[in-house]
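Read off the chains here:
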Amino acid sequence: MSKSLAIIFNKAPYGNQSGRELLDIALMAAAFDMEISALFIGDGVYQLLTNQQPDILHMKNHSSTYKALELYGIETVLVSSEDLEQRRLSESRLMPVSSLSNHKQINKTIAESDFVFML
Amino acid sequence: MKTLYILNNPQLFEQCTLAMGTQDALLLIEDAVVLSEQQSSDENHFVLEEDLIARGLNSGSSWNKKNYNEFVALTLEYNKSVSWL
Amino acid sequence: MATFSLLVTANPHSSQGQFSAIQFAKTLLHQGHVIKRVFFYADGVLVASRLNCPPSDEYNLTKTWAKLAITHDFELTACVTVAMKRGIINATEADRNALTGENIDPAFEISGLGQLTEAMLESDRLVTFG
């Protein structure tokens, strides 16, 4: 029976390595046939913005890896609509990789997963 | 799945408790133990006693205290733990 | 008796997480449970350097992990990608990258993230200290 892993992104990118290092865990666990959910809440929603250009600061752009999640079989990519709204962000500013969700659905995913990682 | 939430950052209290369900528990550790003097308690709310003692906060907290032995037991009593970082 | 694995991401020099993880590990071992593996990730890997040199009146986290792992026969594994970025290097990687020396404590090993996934799947509980 395959185990499930929820990965919660709750921090904005580039001020820390959290997003990038969580992505590496997601891709590795997917290779082990775990059922992965990527959940974006709080300032984690900023991870999904289009047009990120950290290269102007000589930092690696990990945002394109979010586009590869599906390729790795990670189909549950949920972003909190409440947290987007609170930050005055519209879905049109996000890369088309996530489904608009809500706290209730995200909490249910966390509750049902065998493992949950944050960083 | 009954989940033990482990919180060490007091700034993330609201976000963490928002994710919790009725059957889940919260354990405050490290810097988050200060919340046990600020927030009202609940029957599923615990605070790590050693981290309170370390900070001189042991007498002020009304929260249900758990020591490290009980911390280990909690992680086994609940189906999984989530360290909310 | 339960089998635990720990994921430690806390920076040993600037946060309490490594101390918490060691206390948790000691307590569970004392209760008769076992540890399969402690996996170090993110800034947690910094504890694997044998060159960590805290003042003599302070707790040496590297040596404490090493002693605990040897006594109770469990693995201390640092993630290779994040370890190398942070200058935690074993002899093989030093050789491969033409670096002048290795600095990993002999009780630790450097390996891939697959070791974390394996630890998750083969333990009853995984507890994270960040």
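Predicted, not measured: the structure shown is a model, and the values here were computed from it.

Cut-offs and rules
- Residues numbered from 1 in each chain as written.
- Chains lettered and ligands numbered in written order.
- Predicted model: local features only at pLDDT ≥ 70, side-chain atom pairs only at ≥ 80, totals over all residues.
- Heavy atoms only, no water.
- Pairing = 2+ DSSP bridges.
- Helix = DSSP H or I, 4+ residues; strand = E, 2+ residues; numbered from the N terminus.
- Axes fitted to C-alpha atoms, helices over the stretch in contact; angles between N-to-C directions.
- Contact = heavy atoms within 4.5 Å.
- Salt bridge = Lys/Arg side-chain N within 4 Å of Asp/Glu carboxyl O.
- Buried < 20%, exposed > 50% of the residue type's maximum accessible area, 1.4 Å probe, protein only.
- Right-handed = clockwise from strand over helix to strand, strands pointing away.
- Buried area = accessible area lost by both parts, 1.4 Å probe.
- Polar contact = N/O pair within 3.5 Å; in protein donor to acceptor, adjacent residues only side chain to side chain.
- Nonpolar A, V, L, I, M, F, W, Y, C, P; charged D, E, K, R; others polar.
- Phe/Tyr/Trp six-rings, centres within 6.5 Å; stacked < 30°, edge-to-face > 60°.
- Lys NZ or Arg CZ within 6 Å of the ring centre and 35° of its normal.

Participant: Can you help me understand the sheet that holds strand β5 (residues 125–129) of chain C in this one?
Facilitator: Note on sheets: strands pair through backbone hydrogen bonds, and any given pair is parallel or antiparallel. Residues and elements named next belong to chain C. Spatial ordering of the open sheet is given by β4-β3-β2-β1-β5, a layout of five strands whose pairing is parallel. Each edge of the sheet is formed by a strand with only one pairing partner; in this case those strands are β4 (108–111) and β5. Taking the axes of each pair of neighbouring strands and ignoring which way they run, one obtains an average angle of 25° across the sheet. Judged from the five bridges that link them, strand β1 (residues 3–8) and β5 form a sheet pairing that is parallel. Each residue of the ladder has a partner; that of Val8, found in β5, is Phe129. Helix-sheet contacts for helix α2 (residues 61–72) involve β1, β2 (34–40), β3 (75–79) and β4, and the interaxial angle to β3 is about 135°. Packed on one face of the sheet, helix α5 (residues 114–122) meets β1, β2, β3, β4 and β5 and runs near 150° to β2.

Participant: Can you help me understand the pattern of salt bridges in this one?
Facilitator: Two side chains carrying opposite charge are able to pair once their charged atoms lie near each other. Tallying each qualifying case throughout the model produces 13 salt bridges over all chains. In this structure, Arg86 of chain C engages Glu21 of chain A in a salt bridge whose closest nitrogen and oxygen atoms are separated by 3.1 Å. Separated into two different chains, Arg86 of chain C in the loop between α3 (80–85) and α4 (91–96) and Glu21 of chain A in helix α1 (residues 18–31) make up a pair that spans both. Shared partners join several salt bridges into a network, and the residues in it are Lys36, Arg37, Glu75, Glu118 and Glu122 of chain C.

Participant: I tried to follow the pairing of β1 of chain C on my own but got confused; where do I start?
Facilitator: Successive residues of a regular strand alternate their side chains across the two faces of the sheet. Taken across its six residues, β1 of chain C has five buried, putting it largely inside the fold. Regarding topology, helix α1 (residues 17–30) of chain C serves as the crossover connection from β1 of chain C to the parallel β2 of chain C, and that connection is right-handed.

Participant: It is not clear to me how the interface of chain B and chain C should be interpreted in this structure. Could you clarify?
Facilitator: In many analyses, interface size is given as the accessible surface area lost on bringing the parts together. Taken residue by residue, the interface counts 17 residues in chain B and 18 residues in chain C. Where chain B abuts chain C, roughly 1400 Å² becomes buried across the two surfaces, and 55% of that area is made up of carbon and sulfur atoms. By the criterion of area lost to chain C, the three top residues of chain B are Tyr68, Val72 and Leu76 of chain B, representing 39% of everything that side buries. At the boundary of chain B with chain C, the tally comes to zero salt bridges. Run the count over chain B and chain C and you get 10 residue pairs in polar contact (both at pLDDT 80 or more). Elements represented by at least two residues in the side of chain B that touches chain C include exactly α3 (68–77) and β5 (80–84) of chain B. When residues of the side of chain B that touches chain C are assigned to their parent elements, the largest contribution, six residues, is made by α3 of chain B. Partitioned by chemical class, the residues of the side of chain B that touches chain C number seven nonpolar, six polar and four charged.

Participant: Teacher, can you tell me more about the sheet that holds strand β1 (residues 3–7) of chain B here?
Facilitator: Residues and elements named next belong to chain B. Read across the open sheet, the five strands follow the order β4-β3-β2-β1-β5; overall the sheet is parallel. Every other strand in the sheet has two partners, leaving β4 (64–66) and β5 as the edge strands with one partner each. Pairwise comparison of adjacent strand axes, ignoring direction, gives a mean angle of 30° for this sheet. Both β1 and strand β2 (residues 25–28) contribute to a ladder of four bridges, which runs parallel. Across the sheet, residue Leu4 finds its bridge partner in β2, namely Ala25. Contacting β1, β2, β3 (45–48) and β4, α3 runs over the sheet at an angle of about 95° to β4.

Participant: Would you take a moment to explain the packing of aromatic side chains for this structure?
Facilitator: Two descriptors summarise a pair of aromatic rings, namely the distance from one centre to the other and the angle between the planes of the rings. The full count for this structure, using the stated rule, is 12 aromatic pairs over all chains. Taken together, the ring pairs in this structure connect Tyr68 and Phe71 of chain B together with Phe4, Phe24 and Phe129 of chain C into an aromatic cluster. Directly above the ring of Tyr78 of chain B sits Lys2 of chain B, whose terminal nitrogen or CZ lies 4.7 Å from the centroid. The positively charged end of Lys66 of chain B is found above the aromatic ring belonging to Phe46 of chain B, 4.7 Å away from the centroid.

So, to be careful, I would describe these as geometric facts and stop short of saying anything about function.
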